[in-house]
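Each chain, letter by letter, is given below.
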Amino acid sequence: MPLFETPAALLILWAVIGYLMGSIPSGMILARTLGLGDLRSIGSGNIGATNVLRTGSKGAAAATLLLDAAKGAVPVLLARWLAGEDAAQLAALAAFLGHCFPLWLRFRGGKGVATFLGVMLALAWPAGLLCCATWLATAMITRISSLSALVAAISAPVWMLVLGLQQMLALGVILAALVLWRHSANIARMRAGTEPRIGA
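Here's what I pulled together on the structure shown here.

## As for the packing of aromatic side chains
One pass over the structure, following the stated rule, counts one aromatic pair. Ring plane angle 35 degrees and centroid distance 5.9 Å describe the contact between Phe101 and Trp181, whose orientation is recorded as tilted. With Phe101 in the loop between helix H5 (85-100) and helix H6 (113-123) and Trp181 in helix H9 (residues 169-182), this residue pair connects regions lying 80 residues apart in the sequence. Lying across the ring of Phe101, Arg182 places its NZ or CZ 4.8 Å from the centre.

If you want it as structure tokens, here you go:
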């Protein structure tokens, strides 16, 4: 019995589509369009919503958050509709990798939190909502965005198990591990007590 029921060519196609959609640098496009400057030379140099917020534009940061989530969710939903669950899961992983390693920015992308949440909401909205709630609760308690992202990512496989989504568990573990890896510098700063808090 083959590992995947969907033809390999179709899986590759949706992986490529997911990667290309995920690699769209929403934050950079918005920042340049709105005259907010080059995100690479602002704050952490990251292309995500947290760094867009450092430009002083809450609206641009909110829009970046939504667009980064959408570029994770849309390829997953399209792949599931047109090619099935295997394609949806591959598109999810590819979209996340596209955000973290975008072709257009010489593979120097963001940390993938919003895209991760968008992917989770599209894969299984109850698990996605629980991850979002986990992020929000952690942020309210600690006021540390990166810690909230880490806790939300680690919670994803747990929520999948609780909800009986064993078929997605491997993907959940992979995505959580990638989020942790992308936040290695943040983890070092948290250990040193120098990680900035939300609103600081």
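## Quick word on the packing of H5 against H9
The N-to-C vectors of H5 and H9 enclose an angle of 5 degrees; their axes lie 11 Å apart at closest approach. It follows from the interaxial angle that H5 and H9 lie roughly parallel. Seen from H5, the contacting residues are Gln89, Ala92, Leu93, Phe96, Leu97 and Cys100; seen from H9, they are Leu171, Ile174, Leu175, Leu178, Val179 and Arg182. Its residues assigned to classes, the contact of H5 with H9 comprises ten nonpolar, one polar and one charged.

## Overview of the side chain of Thr134
Along the chain, Thr134 turns up in helix H7 (residues 125-142). For Thr134, a relative accessible area of 13% puts it in the buried group. At 2.7 Å, the side chain of Thr134 forms a polar contact with the backbone oxygen of Leu130. A polar contact is formed between the side chain of Thr134 and the side chain of Trp159, at a distance of 3.2 Å. With residues near it in sequence (within four places) discarded, Thr134 still touches Val151, Ala152, Ser155 and Trp159.

Cut-offs used in this document
- Residues numbered from 1 in each chain as written.
- Predicted model: local features only at pLDDT ≥ 70, side-chain atom pairs only at ≥ 80, totals over all residues.
- Heavy atoms only, no water.
- Phe/Tyr/Trp six-rings, centres within 6.5 Å; stacked < 30°, edge-to-face > 60°.
- Helix = DSSP H or I, 4+ residues; strand = E, 2+ residues; numbered from the N terminus.
- Lys NZ or Arg CZ within 6 Å of the ring centre and 35° of its normal.
- Axes fitted to C-alpha atoms, helices over the stretch in contact; angles between N-to-C directions.
- Parallel < 35°, antiparallel > 145°, perpendicular 65-115°, else oblique.
- Contact = heavy atoms within 4.5 Å.
- Nonpolar A, V, L, I, M, F, W, Y, C, P; charged D, E, K, R; others polar.
- Buried < 20%, exposed > 50% of the residue type's maximum accessible area, 1.4 Å probe, protein only.
- Polar contact = N/O pair within 3.5 Å; in protein donor to acceptor, adjacent residues only side chain to side chain.

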